[in-house]
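A look at the structure
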Amino acid sequence: MAIESMTGFAREAGTVATHAFAWEVRSVNGRGLDVRVRVPPGFELFSEAARKLMSAAFSRGTLHVNLAITSAAAPARPRINQEALAALVEAASAVPLPAGMAPASLDGLLAIRGVVEIAEEAEDAVSALEKPVLAALERLVASLKQARLAEGLALEAVIAGHLATIARLTGEAENHPARSVEAVKARLAGQVAALLEAGHALDPQRLHQEAALLAVRADIREEIDRLHAHVAGLRELLAQGGPIGRKLDFLAQEFGRESSTLCAKAGDPGLSRIGLDLRTTVDQLREQVQNVE
């Protein structure tokens, strides 16, 4: 099962008699699924259909869906809802006004939602457009799905490349000569000798105990083992596919923690360079996994 990117774009258009319509959707990153739909007044039935289909097809991302409809017919005229206006006038006349307050004006009442109705399309036009517009909406969802899958395919290749680099650097750190027992002993022995020369009052036995404790704390075996485990876990997720973005993000954070600890413990310039390269690659990995559904 392939992974999907949360970014993509799709457009589907058509014509029915004197009407032309076009669906467009732009998908960007999001923590969850957020479907935002805009349709012309009078065509609200398509808004709910768009939300339903998009929610069924995708699990993450912010989707901006827009429906545009144009007509070559004569423009519709505004219509006043006489019943609503009369009810408002009656209700307003029954309200006692404080001193100095003017009664409701006609322009104020007309500004209230529902009093003035602008019929953008006649009911027969809406009925004629319903089937082709909904069919185009289904094609729009399929087109966006393909766009996100294509982007996900490219994204998977980039993530796999970063993962291979992390695995290589982890192996280099594991096999670095500075981690050998002889190298650690030599490094600690040099530090102990320098301290003894600087302060003759220091207890040699206590100094060796502290040096041994530092050696244990500076060991990066645990970090290397965890990095290997995270590499294996991320590869399994990529093979699994599907909406794995949140899991990838969690693993990327774990990579960041282990690489930072490795850098902090590295007592050798060579290991430090590997640790810095590791952190740089992990940062690049984290940027990419933010795009995965």
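Throughout what follows, the structure given in this document is the object of discussion. (Residues numbered from 1 in each chain as written. Predicted model: local features only at pLDDT ≥ 70, side-chain atom pairs only at ≥ 80, totals over all residues. Heavy atoms only, no water.)

Now for the environment of His230. Looking at where His230 falls in the secondary structure, it is placed in helix H7 (residues 221–240). Accessibility expressed as a relative area gives 13% for His230, which makes it buried. A C-alpha to C-alpha distance of 7.7 Å links His230 and Glu254, two positions 24 residues apart in sequence. Look past the residues within four positions of His230 in its chain and what remains in contact with it is Leu251, Glu254, Phe255 and Glu258. (Helix = DSSP H or I, 4+ residues; strand = E, 2+ residues; numbered from the N terminus. Buried < 20%, exposed > 50% of the residue type's maximum accessible area, 1.4 Å probe, protein only. Contact = heavy atoms within 4.5 Å.)

For the rest of this paragraph, the subject is the pattern of salt bridges. Under the counting rule described, the total for this entry stands at 13 salt bridges. When the shortest N-O distance is used, the salt bridge between Arg148 and Glu4 registers 3.0 Å. One end of the pair, Arg148, is in helix H4 (residues 123–174); the other, Glu4, is in the segment before strand E1 (8–16), with 144 residues separating them in the sequence. For the pair shown, Arg148 and Glu4 are each scored as buried. Across the salt bridge formed by Glu223 and Lys265, the nearest N and O atoms sit 3.3 Å from each other. Here Glu223 is found in helix H7, whereas its partner Lys265 is found in helix H8 (residues 245–265), with 42 residues between them in sequence. The partly exposed category is assigned to Lys265, whose relative accessible area is 23%. The network of salt bridges with shared partners includes Glu4, Lys145, Arg148 and Glu293. (Salt bridge = Lys/Arg side-chain N within 4 Å of Asp/Glu carboxyl O.)

Residues Val95, Leu97 and Met101 make up a contiguous nonpolar surface patch of about 280 Å² in total accessible area. Mapped onto the elements of the fold, Val95 is located in the loop between helix H2 (82–93) and helix H3 (106–110). For Val95, a relative accessible area of 47% corresponds to the partly exposed category. (Patch = residues over 30% accessible without salt bridge, like charges linked within 9 Å, V, L, I, M, F, W, Y side chains within 5 Å. Areas by Shrake-Rupley, 256 points an atom, 1.4 Å probe, with all protein chains shown as cover.)

With the exception of glycine, most residues fall at negative phi, and the peptide bonds are largely trans. Here Ala17, not a glycine, exhibits a phi torsion of approximately 55 degrees, which is positive. Among the structural elements, Ala17 can be located in the loop between E1 and strand E2 (19–28).

With that out of the way, let us pick up the packing of H7 against H8. In helix packing, the relevant descriptors are the interaxial angle and the interaxial distance, both defined with respect to the helix axes. Closest axis-to-axis distance for the H7/H8 pair is 10 Å, and the angle between their directions is 160 degrees. Between H7 and H8, the angle is such that the two are roughly antiparallel. As H7 packs across H8, the resulting crossing turns out to be left-handed. Two secondary-structure elements touch here, H7 through Glu223, Ile224, Arg226, Leu227, His230, Val231, Gly233, Leu234, Leu237 and Gln240 and H8 through Lys247, Leu248, Leu251, Glu254, Phe255, Glu258, Thr261, Leu262 and Lys265. Classifying every residue of the contact of H7 with H8 gives 9 nonpolar, 4 polar and 6 charged. (Axes fitted to C-alpha atoms, helices over the stretch in contact; angles between N-to-C directions. Parallel < 35°, antiparallel > 145°, perpendicular 65-115°, else oblique. Left-handed = near helix turned anticlockwise from the far one by under 90°. Nonpolar A, V, L, I, M, F, W, Y, C, P; charged D, E, K, R; others polar.)

Let us now look at helix H1 (residues 44–57). Residues three or four positions apart in an α-helix share a direction because the helix packs 3.6 residues into each turn. With 14 residues, H1 extends 21 Å from end C-alpha to end C-alpha; this agrees with the ideal 20 Å at 1.5 Å per step. Phe46, Ser47, Ala50 and Met54 are the residues of H1 that are buried. Each buried residue of H1 lies within a common arc of 105 degrees when the element is viewed along its axis, so the set occupies one face. Opposite the buried face of H1, by more than 90 degrees, sit the exposed residues Glu48, Lys52 and Ala56. (Expected span 1.5 Å × (residues − 1). Arc of directions from axis to C-beta.)

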